[in-house]
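Each chain, letter by letter, is given below.
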Amino acid sequence: MNESTSRRLFEQACELIPGGVNSPVRACHNVHSLPLFIAEAHGCRLKDVDGQEYIDFVLSWGPMLLGHDHPEVTKAVRDAAGRGTSYGAPCPDEVTLAQMVVDAMPSLEMVRMVNSGTEATMSALRLARGVTGRDKVLKFIGCYHGHADPYLAAAGSGVATFSIPGTPGVPAAVVADTLLAPYNDLAAVETIFARHGDSIAAVIVEPVAANMGLVLPKAGFLEGLRAITAKHGALLIFDEVITGFRASYGGAQERFGITPDLTTFGKIIGGGLPVGAFGGKRAIMEHVAPRGEVYQAGTLSGNPLAMAAGIATLRQLKNMDYAALERRVSAFAHELRDILAAKNVPIQMPTIASMFCPYFSETPVENFDDAQKCDQELFTTFYKQMRAQGIYLAPSGYETGMVSFVHTDDDFARALDAARKVTF
Ligand SMILES: *Cc1c(COP(=O)(O)O)cnc(C)c1O
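Residues numbered from 1 in each chain as written. Predicted model: local features only at pLDDT ≥ 70, side-chain atom pairs only at ≥ 80, totals over all residues. Heavy atoms only, no water.

### Points about the sheet that holds strand β1 (residues 38-42)
- Read across the open sheet, the four strands follow the order β1-β2-β3-β13; overall the sheet is mixed. Looking at the sheet topology across the chains shown, the edges are occupied by β1 and β13 (391-392).
- In the sheet, strand β2 (residues 45-48) pairs with strand β3 (residues 53-56) via three bridges, with the strands oriented antiparallel. By the bridge assignment for β3, Arg45 is matched with Ile55. (Pairing = 2+ DSSP bridges. Helix = DSSP H or I, 4+ residues; strand = E, 2+ residues; numbered from the N terminus.)

If you want it as structure tokens, here you go:
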């Protein structure tokens, strides 16, 4: 396939932007490929600057659950832009979106809008620390909670892709308060709490881990976290930046019937614009400034364009048939697994809601250790040949495949046909 304009732009970008990209995994390093520069996107199709079309299974890493350029979302953003793009003062849509999020999420009574998932998780931790008067946070190895300092110890996503054990620039003193446990390992959590229980402010978890591929919580894992944190007076933070409005309209908390103390959002909540949010019970959220003493702020927070995109997105999603999409994605994932298994490569294909993940592994993946043992060379081979056939997958074995409500059965059939032609 001709990728010459992308190549030229990437060379130019590398002179101007570190690594040529504004977020690391996009560079496609891990799969020994060059990034595609995208000219436009509609529905589940991306068109690159060389005029090639791709069926998109990345969806901007999750936000585009309605597909790209959804007519209602695009109209809402256009209309909002005509009324000015930022006021630095409250606007009506902030209240509307807050109400929609609170209505959707079982555990939420109040919410604060921010500009990214990173801001949401960073702020939620500050709040948890402020409320409990404790400093430590427990996170799970391979979970990714954005790029704020306290979370950059054994993180997933790009940190995993680049095998950075933490990262230079994060003071040891900052991550000294970050405790680590393997995902799905309640015994490890118990042990840590037995030792540090009275100094742990919060446990933060991706209720479905979607930044080390796709790891489902084992039966009892989330319930166990709820019980242990409650017992020790620590807060339970669900990082629903991916699962919010994707695991179900009410997120993973609705799907699994667990009530976290705080929840973080991003991705879908902004409908493709930069939005994040954190929320929870009133008694906790009332500690946020200016109602309370825990400082948190943002020049562009509650931005009218972003609020309009979020509202339009949630309005559509509220009426979507999540169960039907899940059945279709599950059937697709199973067929994809069978096709690859028939080629005699080791393959696991976990799937939940509208996510799936090809792990080239003999055994199921239950934590980051397992994920790291997957065959990355087989993944790279698969990635490259799929992309050459117009199927756009996340360029790393540590990312999950995303499906939208506008992927048709024909799109699935084309992806499966492409998979049939892959040779290892
Ligand atoms: C993407 C992601 C984040 C970070 O969100 P950004 O908008 O990229 O800052 C945090 N947590 C999870 C679970 C994510 O997937």
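### Examining empty space enclosed by the protein
- Per the counting criterion, the structure on display carries three cavities of 30 Å³ or more.
- Size it by volume and the largest cavity reaches roughly 70 Å³.
- If you go around the largest cavity, the residues you meet are Phe356, Cys357, Pro358, Phe379, Leu393, Ala394, Ser396, Gly397, Glu399, Thr400 and Gly401.
- Residues of the lining of the largest cavity, tallied by class, amount to six nonpolar, four polar and one charged. (1 Å grid on protein atoms, 1.4 Å probe; cavity = no way out; pocket = protein on both sides within 12 Å on 5 of 7 lines; lining within 4 Å. Points joined across faces, edges and corners; volume = space filled by probe spheres on them. Nonpolar A, V, L, I, M, F, W, Y, C, P; charged D, E, K, R; others polar.)

### Points about the domain arrangement of the chain
- Assigned domains of the chain: these are domain 1 (4-66 + 321-420) and domain 2 (71-317).
- Of note, the centres of domain 1 and domain 2, computed from C-alpha atoms alone, are 25 Å apart.
- On the side of domain 2, 34 residues touch domain 1, which itself brings 35 residues to the contact.
- Summed over both sides, the interface between domain 1 and domain 2 buries roughly 2800 Å², with carbon and sulfur atoms accounting for 67% of that surface.
- Where domain 1 touches domain 2, the interface holds two salt bridges.
- The salt bridge partner of Arg255 is Glu326, with a shortest N-O separation of 2.8 Å.
- At the boundary of domain 1 with domain 2, the tally comes to eleven residue pairs in polar contact (both at pLDDT 80 or more).
- Counting residues per element, the ones that place at least two in the side of domain 1 that touches domain 2 are α12 (322-341), β11 (351-352), β12 (355-356) and α13 (368-372).
- Along the lines of polarity and charge, the residues of the side of domain 1 that touches domain 2 split into 23 nonpolar, nine polar and three charged. (Domains from an automatic or database assignment. Contact = heavy atoms within 4.5 Å. Buried area = accessible area lost by both parts, 1.4 Å probe. Salt bridge = Lys/Arg side-chain N within 4 Å of Asp/Glu carboxyl O. Polar contact = N/O pair within 3.5 Å; in protein donor to acceptor, adjacent residues only side chain to side chain.)

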